[in-house]
Amino acid sequence: QVQLVESGGGLVQPGGSLRLSCAASGIIFSTYTMGWYRQAPGKQRELVAAITSGSSTNYPDSVKGRFTISRDNTKNTVYLQMNSLKPEDTAVYYCNADYVSRWSGVKYNYWGQGTQVTVSS
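The structure presented is a predicted model; accordingly, all values stated were derived computationally and were not measured.

Asker: How would you sum up the packing of aromatic side chains? Please name residues and give values.
Answerer: Taken as a whole and assessed by the stated rule, the structure comprises five aromatic pairs. Residues Y37 and W111 carry aromatic rings whose centres are separated by 4.9 Å and whose planes lie at 65° to one another, so their mutual orientation is edge-to-face. Here the residue Y37 occupies a position in strand β4 (residues 33-39), and W111 occupies one in strand β10 (residues 107-111), the gap between them amounting to 74 residues. For Y37, a relative accessible area of 23% gives the class partly exposed. Three or more aromatic residues joined by ring pairs form one cluster here, namely Y32, Y99, Y108 and Y110. Here the basic side chain of R45 rests over the ring of Y94, its NZ or CZ set 3.7 Å away from the ring centre.

So this is what it looks like as structure tokens:
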């Protein structure tokens, strides 16, 4: 079955850095768009970074210049490097895998269990 396992969350002071990892299994990883989302208490889940199968990346303005997404297809792993962290970055961070078949149009979408990131002094 498909598994997305996040790691690397924790408590960090404002201005600090963390690197999240998401190890995928059960999918042809290289063909999927991989994304990181976050959800803070009382807020909707939002995209923070995405990387396509061709390694094109996308970030919202709130994290652009501070967060970097990357992927290693040999390890079936996607990373999120987070620098200059702010208290408002505090949230549960989720890994997402997304693929749409060109032939059938069927969409495959999977989520990890999430990892907590807390930015506080």
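On we go.
Asker: Help me get a handle on the state of the cysteines, residues and values and all.
Answerer: The tally for this structure, following the rule as stated, stands at one disulfide. Between the sulfur atoms of C22 and its disulfide partner C95 the distance amounts to 2.1 Å. Every disulfide takes its handedness from the sign of the S-S torsion; for C22 and C95 that torsion is -80°, giving left-handed. Remark: C95 occurs in strand β9 (residues 91-100) and C22 occurs in strand β3 (residues 18-25); sequence separation between them is 73 residues. Overall, C95 belongs to the buried group, its relative accessible area being 0%.

Parameters at a glance
Chains are numbered independently. Their residues run from 1 in the order of the written sequence. Since the coordinates come from a predicted model, pLDDT governs what is reported: local features require at least 70, and pairs of side-chain atoms require 80 or more to be given and counted, while whole-chain, interface and lining totals use all residues. Working from all heavy atoms in the structure, the side-chain values ignore hydrogens and water. Stacked, edge-to-face and tilted labels apply to pairs of Phe, Tyr and Trp rings (six-membered ring for Trp) whose centres lie within 6.5 Å, assigned for plane angles under 30 degrees, over 60, and everything in between, in that order. Put simply, DSSP marks the helices as runs of H or I at least four residues long and the strands as runs of E at least two long, and each gets a number from the N terminus on. Think of it in three bands: residues with accessible area under 20% of the maximum for their type are buried, residues over 50% are exposed, and the middle band is partly exposed, with areas taken using a 1.4 Å probe on protein chains only. Here, over-ring charges are defined by two tests on the NZ atom of lysine or the CZ atom of arginine: distance to the ring centre within 6 Å, and angle to the ring normal within 35 degrees. The disulfide definition used here is simple: a pair of cysteine sulfur atoms within 2.5 Å.

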